[in-house]
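Chain residues, written in single-letter form:
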Amino acid sequence: MIPLLEKAGLKVVATEDQIIPPALQRDQVKSAKATGIHVPPGHVAMLSHAREVADLIEHPNKTACRASDDI
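What counts and how
Residues numbered from 1 in each chain as written. Predicted model: local features only at pLDDT ≥ 70, side-chain atom pairs only at ≥ 80, totals over all residues. Heavy atoms only, no water. Helix = DSSP H or I, 4+ residues; strand = E, 2+ residues; numbered from the N terminus. Contact = heavy atoms within 4.5 Å. Salt bridge = Lys/Arg side-chain N within 4 Å of Asp/Glu carboxyl O. 1 Å grid on protein atoms, 1.4 Å probe; cavity = no way out; pocket = protein on both sides within 12 Å on 5 of 7 lines; lining within 4 Å. Points joined across faces, edges and corners; volume = space filled by probe spheres on them. Nonpolar A, V, L, I, M, F, W, Y, C, P; charged D, E, K, R; others polar.

Novice: Please give an account of the environment of Ile20 that cites residues and values.
Specialist: Inspection of the secondary structure puts Ile20 in the loop between strand S1 (10-14) and helix H1 (22-31). For the pair Ile20 and His43, spaced 23 residues apart in the sequence, the C-alpha separation amounts to 7.4 Å. With residues up to four places along the chain from it excluded, the contact list for Ile20 reads Gln25 and His43.

Novice: Which residues make up the pattern of salt bridges, and what values go with them?
Specialist: Applying the stated criterion across every chain yields a total of one salt bridge. The residue Arg51 makes a salt bridge to Asp55 at a minimum N-O spacing of 3.6 Å. Of the two residues, Arg51 and Asp55 are both situated in helix H3 (residues 50-58); the distance of four residues between them amounts to about one turn of the helix.

Novice: Outline the layout of surface pockets, supporting the account with residue identities and numerical values.
Specialist: Estimated volume of the largest pocket: approximately 280 Å³. Along its surface, the largest pocket is lined by 15 residues, and Leu10, Lys11, Val12, Met46 and Val53 are the ones closest to its centre. Elements that contribute at least two residues to the lining of the largest pocket include exactly S1, H1, helix H2 (45-48) and H3. Considering every element that reaches the lining of the largest pocket, the biggest residue donor is S1, with four residues. Broken down by class, the residue content of the lining of the largest pocket amounts to nine nonpolar, four polar and two charged.

Written as structure tokens, this is what we have:
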């Protein structure tokens, strides 16, 4: 089991979200110095792209962009 505190810096940016603007999501990733991924669906990416979200949690260094990258 992976401790929750180690995964607190993981974020998902939903590029077609109609509720939280993607630009705001990207800014949040950068300001949190987090690790994140882009997925195309709307607001509930963990349901529509569950595999990508699970991969981010299980293997953050392989599947994600760092906050310093162009997320």
